[in-house]
Amino acid sequence: MATGRPFQLVVFGASGFTGQFVVEEVARVAAEDEMRGSLRWAVAGRSKDKLEAVVERAAEKLGKAELKSEVGIILCDVSDPSSLASMAKQTAIILNCVGPYRFFGEPVVKACVENGTSCVDISGEPQFLEGMYLNYNDKAAEKGVYIVGSCGFDSIPADMGVLYTRNNLKGTLTAVESFLTVKSGPEGACIHDGTWKSVVYGLADQEKLKQVRRQIGHKPLPVIGAKLRRRGAVFYSNELKNYSIPFMGSDASVVKRTQRYLHTHLQETPVQYGAYATVGGIGSVIKLMFAGFLFLMLVKFDFGRKLLLKYPEFFSGGYFTKEGPTEKQMEGSSFEMTFFGEGYSSGQDPQQGKPNVKICTQVKGPEAGYVATPIAMVQAAVALLKDKSSLPKQGGVYSPGAAFSNTKLIERLNKHGIEFSVISKPEA
């Protein structure tokens with residue numbers, strides 16, 4: 001990875017809504033034992049004043065007055081390729097916080113690949129993630145750089161959670177379902193409308209994702225063990241005593257990419273995966289079905305999309321807002337992702353008979369969007385810096401599980417408040 005550059009990490013889009021929290025997290029990590037006094041980092045974006053204000057706010061919040069003199073400032077505009085190249089040449093890794101990635105992500109990846117710089121982002125947009133694999137995987141491999149997408153709440157808990165489940169089952173894991181439960185405090189919870197925009201454009205553009213997948217041309221992964229059945233659009237989960245729906249984020253597609261990589265390159269048994277989210281009682285289900293029906297009607301038409309983008313709060317029942325969550329809302333929120341895995345005990349042939357071992361694991365953490373996401377993103381960058389010998393031998397465009405399966409990422413996350421644990425291990 002690039003050495004002899006002034007910086008090891010640059011947070012691009014540092015003055016954006018998510019970027020400001022990533023800056024605070026880098027500042028925290030820079031003061032910890034592993035990095036203390038050695039991490040050279042900078043913030044990047046279009047406005048010097050805004051970047052200085054973000055560093056100042058982080059310095060104040062963390063009581064680190066010295067930040068102002070320690071953090072570099074790079075002026076860079078995503079629409080100016082020469083400024084992106086200049087930023088990339090100054091650092092080993094870019095933490096890219098500028099979304100929606102379908103509009104602004106590719107120029108950053110291109111600048112990184114051309115200038116021998118690794119990059120992590122927090123995209124939950126499969127079309128962008130898989131498009132970057134299609135267009136840049138070979139070039140990134142040539143250059144020896146790691147482009148790792150979806151290193152936020154989408155999709156590190158899910159992707160690393162499946163690997164953690166596999167590593168803790170005595171035998172061969174063949175299928176996993178995860179259930180996400182988001183908890184909020186008395187102040188409620190909400191998400192900044194940047195994420196809403198990504199959802200709207202993503203659902204409007206599903207044909208493009210199919211096209212990208214056709215161009216990549218992967219063969220279907222073999223199904224090992226009993227076939228995992230798909231659940232309905234709304235169902236009652238006996239495991240969690242809650243109504244649940246398929247999870248709309250990128251988790252399923254990211255986990256599949258990881259499983260494909262591990263199967264193809266490391267000859268590991270591919271794990272089937274289903275991603276779900278709990279929604280509460282029957283009242284919540286009725287509200288959700290009504291909102292979902294309206295959303296799916298509107299997202300098909302240009303006029304409908306404009307309405308959805310203009311009034312996120314109205315169409316999401318207050319869940320997405322232009323202001324994003326308050327500090328109080330973030331403090332009161334948390335997430336739990338519970339994994340139910342099944343497989344075959346050691347010595348049992350997964351191609352024969354029914355699964356005979358089960359396991360339940362959990363990943364839990366603080367507020368998902370702006371507390372857990374910066375933690376996950378920064379620890380992914382630290383793993384790139386510190387666990388070099390455990391990364392895949394070749395550079396390339398990777399999912400988190402493919403890049404970090406042999407690193408200390410799970411250990412690092414555990415130390416920073418995103419906790420992985422085994423809940424139960426019934427014997428065969």
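Data block above holds the structure.
Report follows, based on the coordinates.

**Some details on the pairing of strand E10 (residues 242-246)**
Link 1 in the chain: Alignment of strand E9 (residues 235-237) against E10, held across 3 bridges, turns out to be antiparallel. Following the sheet pairing, Ser-237 is matched in E10 by Asn-242.
Link 2 in the chain: Where E9 folds back on E10, the antiparallel hairpin that results is connected by 4 residues, among which Lys-241 adopts a positive phi of roughly 50 degrees.
Link 3 in the chain: Bridging between E10 and strand E11 (residues 272-280) involves 4 bridges; their strand directions are antiparallel. Residue pairing across strands places Pro-246 opposite Tyr-276, the latter belonging to E11.

**Remarks on the state of the cysteines**
Link 1 in the chain: Summed over the entire model, instances satisfying the criterion amount to 0 disulfides.
Link 2 in the chain: In this structure Cys-97 is not part of a disulfide, and its nearest cysteine sulfur, from Cys-119, lies 9.6 Å away.
Link 3 in the chain: Taking relative accessible area as the criterion, Cys-97 reaches 13% and is therefore assigned buried.
Link 4 in the chain: Unpaired in this structure, Cys-151 has its nearest cysteine sulfur neighbour in Cys-119, at a distance of 9.1 Å.

**Some points on the pattern of salt bridges**
Link 1 in the chain: Tallied over the entire structure, the rule returns 21 salt bridges.
Link 2 in the chain: The partner of Arg-102 in a salt bridge is Glu-125, and the shortest N-O contact between them spans 3.6 Å. With a gap of 23 residues between them, Arg-102 in helix H5 (residues 101-104) and Glu-125 in the loop between strand E5 (118-121) and helix H7 (126-143) connect regions that are remote in the sequence. Taken as a pair, Arg-102 and Glu-125 share a single burial class, namely buried.
Link 3 in the chain: Where Lys-306 meets Asp-302, a salt bridge forms, and the shortest distance between an N and an O atom there is 3.3 Å. Linking Lys-306 with Asp-302, this pair stays in helix H13 (residues 302-310), spanning 4 residues, or about one helical turn.
Link 4 in the chain: We classify Asp-302 as partly exposed; its relative accessible area is 46%.
Link 5 in the chain: One connected set of salt bridges, linked through shared partners, spans Glu-24, Glu-25, Arg-28, Lys-61 and Glu-327.

**A closer look at the nonpolar core**
Link 1 in the chain: One finds Phe-12, Trp-41, Leu-95 and Phe-404 to be the most contacted residues of the largest nonpolar core, which totals 104 residues.
Link 2 in the chain: Those residues in contact with Phe-12 that sit more than four places away from it in its chain are Ala-44, Gly-45, Cys-76, Val-78, Leu-84, Met-87, Ile-94, Leu-95, Asn-96, Cys-97, Val-98 and Val-108.
Link 3 in the chain: Among the nonpolar cores identified, the runner-up in size contains 9 residues, and Val-200, Phe-295, Leu-298 and Phe-315 belong to it.

**Things to note about the packing of helix H8 (residues 156-168) against helix H11 (residues 251-266)**
Link 1 in the chain: Where H8 contacts H11, the two axes come as close as 9 Å, and the packing angle between them is 50 degrees. On the basis of their axis angle, the class for H8 and H11 is oblique. The chirality of how H8 crosses H11 is right-handed. Here H8 contributes Ala-158, Asp-159, Val-162, Leu-163 and Arg-166 to the contact with H11, which in turn contributes Asp-251, Val-254, Val-255, Thr-258, Gln-259 and Leu-262.
Link 2 in the chain: Looking at the contact of H8 with H11 residue by residue, the classes come out as 6 nonpolar, 2 polar and 3 charged.

**Points about the environment of Ser-399**
Link 1 in the chain: Here Ser-399 is to be found in the loop between strand E15 (396-398) and helix H17 (400-404).
Link 2 in the chain: Exposure remark for Ser-399: the relative accessible area of 2% places this residue in the buried category.
Link 3 in the chain: Along the backbone, Ser-399 and Ser-155 are 244 residues apart, and their C-alpha atoms lie at a distance of 8.7 Å.
Link 4 in the chain: Excluding residues within four positions of it along the chain, Ser-399 makes contact with Val-148, Asp-159, Val-254, Arg-257 and Thr-258.

**Re the sheet that holds E5**
Link 1 in the chain: Read from one edge to the other, the open sheet built from 7 strands follows the order E3-E2-E1-E4-E5-E6-E15, with strand pairing classed as parallel. Looking along the sheet, the strands with just one partner apiece sit at the ends: strand E3 (72-75) and E15. Strand-to-strand, the axes of this sheet are offset by a mean angle of 20 degrees, without reference to chain direction.
Link 2 in the chain: Of the strand pairs in this sheet, strand E6 (residues 146-148) and E15 are connected by 3 bridges, and their pairing is parallel. Note on E15: the bridge partner recorded for Ile-147 is Val-397.
Link 3 in the chain: Sitting on the sheet, helix H16 (residues 368-386) touches strand E1 (7-12), strand E4 (91-96), E5 and E6, and the angle it makes with E4 is about 160 degrees.

Reading guide: rules and limits
- Residues numbered from 1 in each chain as written.
- Predicted model: local features only at pLDDT ≥ 70, side-chain atom pairs only at ≥ 80, totals over all residues.
- Heavy atoms only, no water.
- Pairing = 2+ DSSP bridges.
- Helix = DSSP H or I, 4+ residues; strand = E, 2+ residues; numbered from the N terminus.
- Disulfide = S-S within 2.5 Å.
- Buried < 20%, exposed > 50% of the residue type's maximum accessible area, 1.4 Å probe, protein only.
- Salt bridge = Lys/Arg side-chain N within 4 Å of Asp/Glu carboxyl O.
- Core = buried A, V, L, I, M, F, W, Y, C linked by side-chain atoms within 4.5 Å.
- Contact = heavy atoms within 4.5 Å.
- Axes fitted to C-alpha atoms, helices over the stretch in contact; angles between N-to-C directions.
- Parallel < 35°, antiparallel > 145°, perpendicular 65-115°, else oblique.
- Left-handed = near helix turned anticlockwise from the far one by under 90°.
- Nonpolar A, V, L, I, M, F, W, Y, C, P; charged D, E, K, R; others polar.

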